[in-house]
Structure formats: C-alpha cells, structure tokens
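# What the coordinates show
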Amino acid sequence: DTAVSQTPKYLVTQMGNDKSIKCEQNLGHDTMYWYKQDSKKFLKIMFSYNNKELIINETVPNRFSPKSPDKAHLNLHINSLELGDSAVYFCASSQDRGSNEQYFGPGTRLTVT
Amino acid sequence: QEEVEQDPGPLSVPEGAIVSLNCTYSNSAFQYFMWYRQYSRKGPELLMYTYSSGNKEDGRFTAQVDKSSKYISLFIRDSQPSDSATYLCAMMGAGGTSYGKLTFGQGTILTVHP
C-alpha cells in the first residue's frame with residue numbers, strides 16, 4: 001500500500017498549456033509539501049500545507065497554485081507552462097509541521113516542449 | 001552560494017569500501033540533520049537523522065554532526081552495490097524561518113561496483 005502517491009508519473013506537454021499534478025497520502029499526516037527537483041538534482045521546497053492551511057510559500061511564480069481539499073490530498077496546478085518548468089515534482093508528507101521526517105512520493109517528471 | 005553545500009561527485013568505490021559523504025552549511029539555526037537516499041527515478045527516502053551535534057549509528061551507516069564547524073558526514077561501512085544511489089543531506093531549524101522546512105544539499109551520486 002503506497003504511503004504517498006502522485007499522478008501522473010510522467011507528463012509531457014507544450015509551452016503555454018495548463019496542467020495539474022495530484023498527491024495523496026494515507027499515513028494520516030497533517031502536513032504535506034511540494035518540492036521541485038531540477039536537472040542538477042537540487043531539491044527545493046515550493047509549498048507546504050498543514051491541515052489544509054498554507055504555511056510555507058517559497059518564491060515561486062504565481063503560475064503555480066497549490067490546493068489542499070483535505071489533509072490527505074495536495075494538488076499542484078501550473079498555468080501557462082514554460083520550458084523552465086521542466087523538472088521532477090515531488091510531493092511529501094510529515095506527521096506535523098515541525099517533524100523532520102518527511103515521506104516522499106515517487107515524483108512526477110514534467111517535460112515542457 | 002547555497003545554504004547547504006554538497007559535492008555532487010560522482011563517487012565510485014569498490015564493494016566493501018568505506019564511503020564518506022559530507023555536507024557543509026551556513027545557517028547556524030539548523031538543528032536537525034538528515035540523510036536521504038534516492039534511487040534512480042524514485043523519491044528520496046529518509047536514512048537517518050541526528051538532532052544537534054553528535055554521532056548516530058544504524059547498522060552499516062554512521063551519521064556525524066559537528067555544529068561548531070557546520071559540517072556533517074555520513075559513513076557507509078562495507079559498501080554494497082545496492083548502496084548505489086544519490087545521497088542527499090537535508091537540514092531543518094527548530095524555529096524561525098527554517099522551521100518545518102527541509103533545505104537540501106545537491107546530492108552525491110554514489111556507485112559501488114562489485
């Protein structure tokens with residue numbers, strides 16, 4: 001039973017399109033995250049939600065909009081995709097916002113052409 | 001300059017070797033120090049963590065933190081081909097702006113060849 005799952009696993013799309021990535025965790029955790037891993041493997045936090053409330057919002061273009069319908073789900077919508085958005089996007093969860101133990105999903109590999 | 005610096009390697013060692021992986025950091029607010037392992041095309045998984053300074057051992061893995069030098073290490077003894085992966089250090093503060101937010105190093109690519 002997958003703890004943190006993401007869909008889709010791969011996403012290939014053209015510049016200017018809008019796309020969404022979905023994440024679900026079945027660990028009963030309160031806090032969820034979106035990370036971006038670029039081609040050099042740097043993993044950087046984008047957003048974090050705690051019990052559906054946005055608590056971390058790093059310097060990310062406002063074309064990226066997270067949404068948490070409930071504490072087990074965190075989605076990421078990206079408008080007007082650009083070439084530089086190509087990366088692997090990871091969802092993660094932790095017991096609470098202060099926990100250093102984060103559990104990552106398998107990632108969504110986004111390619112913008 | 002990044003808050004957390006990690007040599008990306010790649011590092012190639014023979015099976016059975018002792019591997020040393022390191023990170024340096026600049027933010028003195030960091031209190032939690034983690035090592036994640038990431039296999040190719042997979043998500044990172046937590047290997048071990050240390051709070052503040054000191055050592056921690058788990059099987060073949062030992063994590064060391066030297067806060068005075070802002071330097072952390074992960075040692076892998078008797079390395080196995082199955083240890084081949086990217087190892088990422090990560091850090092978090094106990095309060096302030098780094099609270100609840102992992103800051104990662106770039107990751108070191110390790111290959112253990114038979």
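Structure's up top.
Everything in this summary refers to the structure shown in the same document. Here the structure is a predicted model, which is why all the values come from computation and not from measurement.

### Examining the environment of K71(A)
Residue and element names in this part refer to chain A.
- In this structure, K71 sits in the loop between β7 (64-70) and β8 (73-78).
- Between the C-alpha atoms of K71 and N57, which are 14 residues apart in sequence, the distance is 17 Å.
- Leave out the neighbours within four places in its chain, and K71 touches Q25, G28, H29, D30, M32, N51 and K52.
- A polar contact of 2.7 Å, which involves the side chain of K71, links it to the side chain of D30.

### Here we look at empty space enclosed by the protein
All names here are of chain A.
- Under the defined criterion, the tally for this structure stands at one cavity of 30 Å³ or more.
- Surrounding the largest cavity, D30, M32, Y49, N51, K52, S68, D70, K71, H73 and L74 form its lining.
- Elements with a contribution of two residues or more to the lining of the largest cavity: β7 and β8.
- Broken down by class, the residue content of the lining of the largest cavity amounts to three nonpolar, three polar and four charged.

### Let's talk about the pairing of strand β9 (residues 87-94) of chain A
Residues and elements named next belong to chain A.
- Within β9, eight of the eight residues are buried, which leaves the element mostly enclosed by the surrounding structure.
- Of the two faces of β9, the one lined by A87, Y89, C91 and S93 and the one lined by V88, F90, A92 and S94 are each fully buried.
- Where β9 lies against strand β11 (residues 108-112), three bridges are found, and the strand directions are antiparallel. Bridge assignment links A87 to a residue of β11, and that residue is L110.
- Pairing geometry for β9 and strand β10 (residues 103-104), over two bridges, is antiparallel. Residue pairing for β10: S93 is matched across the bridge by Y103.

### Thoughts on the sheet that holds β7(A)
Residue and element names in this part refer to chain A.
- Spatially, β1-β3-β8-β7 is the arrangement adopted by the four strands of the open sheet, whose pairing is antiparallel. Lying at the two open borders of the sheet, with one neighbouring strand each, are β1 (4-7) and β7. Adjacent strand axes in the sheet meet at a mean angle of 20 degrees when their direction is disregarded.
- Bridging between strand β3 (residues 19-25) and β8 involves four bridges; their strand directions are antiparallel. Looking across to β8, one finds that I21 is bridged to L76.

### Observations concerning the pattern of salt bridges
- On inspection of all chains with the given rule, the structure shows eight salt bridges over all chains.
- Notably, a salt bridge pairs R77(B) with E57(B), separated by 3.5 Å at the nearest N-O pair. Of this pair, R77(B) sits in the loop between β8 (71-76) and β9 (85-93) while E57(B) sits in strand β6 (residues 54-58), and the two are 20 residues apart along the sequence.
- Overall, the relative accessible area of 28% leaves R77(B) in the partly exposed class.
- E57(B) sits in the exposed class, given a relative accessible area of 58%.
- Each of the salt bridges in this network shares a partner with another, and the network as a whole consists of R63(A), E82(A) and D85(A).

The rules we used
The residue numbers shown here count from 1 along each chain, following its written sequence. The naming scheme follows written order: chains are lettered A onward, ligands numbered 1 onward. Local features are withheld for residues below a pLDDT of 70 in this predicted model, meaning they are given only at 70 or higher, and side-chain atom pairs are given and counted only at 80 or more; totals for whole chains, interfaces and linings count all residues. Only heavy atoms go into the side-chain values, all of them from the structure, while hydrogens and water stay out. Comment: elements are numbered from the N terminus, with helices defined as DSSP H or I runs of at least four residues and strands as E runs of at least two. Any pair of residues with heavy atoms lying within 4.5 Å of one another is described as a contacting pair. Whenever a nitrogen or oxygen atom comes within 3.5 Å of another N or O atom, the pair is scored as a polar contact, on the condition that within protein one atom can donate a hydrogen and the other can accept it, and that pairs from neighbouring residues in sequence are kept only if both atoms are in side chains. Any residue with an atom within 4 Å of a point lines the site, the site being either a cavity, points on a 1 Å grid over the protein atoms alone where a 1.4 Å probe fits but cannot get out, or a pocket, an open set with protein on both sides within 12 Å along at least 5 of 7 lines. Grid points are joined across faces, edges and corners, and a volume is the space filled by probe spheres set on the points. Each residue is assigned to one class: nonpolar for Ala, Val, Leu, Ile, Met, Phe, Trp, Tyr, Cys and Pro, charged for Asp, Glu, Lys and Arg, and polar for all the others, Gly among them. Under the scheme applied here, a residue whose accessible area is under 20% of the maximum for its type counts as buried, over 50% as exposed, and between as partly exposed, the area being computed with a 1.4 Å probe on protein chains only. The rule for pairing is simple: two strands pair if DSSP sees at least two bridges between them. The axes are straight lines fitted to the C-alpha atoms, using for helices just the contacting stretch, and the angles between their N-to-C directions are given from 0 to 180°. A pairing counts as a salt bridge when a side-chain nitrogen of Lys or Arg comes within 4 Å of a carboxyl oxygen of Asp or Glu.

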